[in-house]
Amino acid sequence: MTGPIVRRGAVLAMALVWWWAVLRLALAYDAGVLEGAVAAGGWGLSLLPVHCVPKPGATGTAGSCPPEARPKPHEWF
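The rules behind the values
- Residues numbered from 1 in each chain as written.
- Predicted model: local features only at pLDDT ≥ 70, side-chain atom pairs only at ≥ 80, totals over all residues.
- Heavy atoms only, no water.
- Salt bridge = Lys/Arg side-chain N within 4 Å of Asp/Glu carboxyl O.
- Helix = DSSP H or I, 4+ residues; strand = E, 2+ residues; numbered from the N terminus.
- Buried < 20%, exposed > 50% of the residue type's maximum accessible area, 1.4 Å probe, protein only.
- Phe/Tyr/Trp six-rings, centres within 6.5 Å; stacked < 30°, edge-to-face > 60°.

Caption draft 1: Just the pattern of salt bridges, in detail. One pass over the full model with this rule turns up two salt bridges. Across the salt bridge formed by Arg24 and Asp30, the nearest N and O atoms sit 3.5 Å from each other. Arg24 is the salt-bridge partner of Glu35, the closest N and O atoms lying 2.6 Å from each other. Of the two residues, Glu35 sits in helix 2 (residues 33–46) while Arg24 sits in helix 1 (residues 2–27), which places them eleven residues apart along the sequence. Its relative accessible area of 25% is what places Arg24 among the partly exposed residues. Among the charged side chains, a network of salt bridges with common partners joins Arg24, Asp30 and Glu35.

Structure representation (structure tokens):
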């Protein structure tokens, strides 16, 4: 039970840091490279297809597994 709680807490913390960087870039006069790197890195991660799974009928593909072995949507977080 603590696994999902810790994961969600980590995701929330990273989201707060990202929003801090974006708002600081938009509103602060002295925002610098650190804020830009955090904002660009967070935006870049949003482009990754992290919820992609192989099609059920695809054979011979990397990561093909039986349906019962695939993670359920509620197990993603």
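Caption draft 2: Layout of the packing of aromatic side chains. Across all of its chains, the model carries one aromatic pair by this definition. On the numbers, 5.0 Å between centres and 80 degrees between planes, the contact of Trp18 with Trp19 is edge-to-face. What makes Trp18 partly exposed here is its relative accessible area of 24%. Residue classification places Trp19 among the partly exposed residues on the basis of a relative accessible area of 48%.

Caption draft 3: Representation of the environment of Ala15 within the structure. Relative to the elements of secondary structure, Ala15 occurs in helix 1. A relative accessible area of 34% means that Ala15 is categorised as partly exposed. Placed 27 residues apart in sequence, Ala15 and Gly42 show a C-alpha to C-alpha distance of 8.4 Å.

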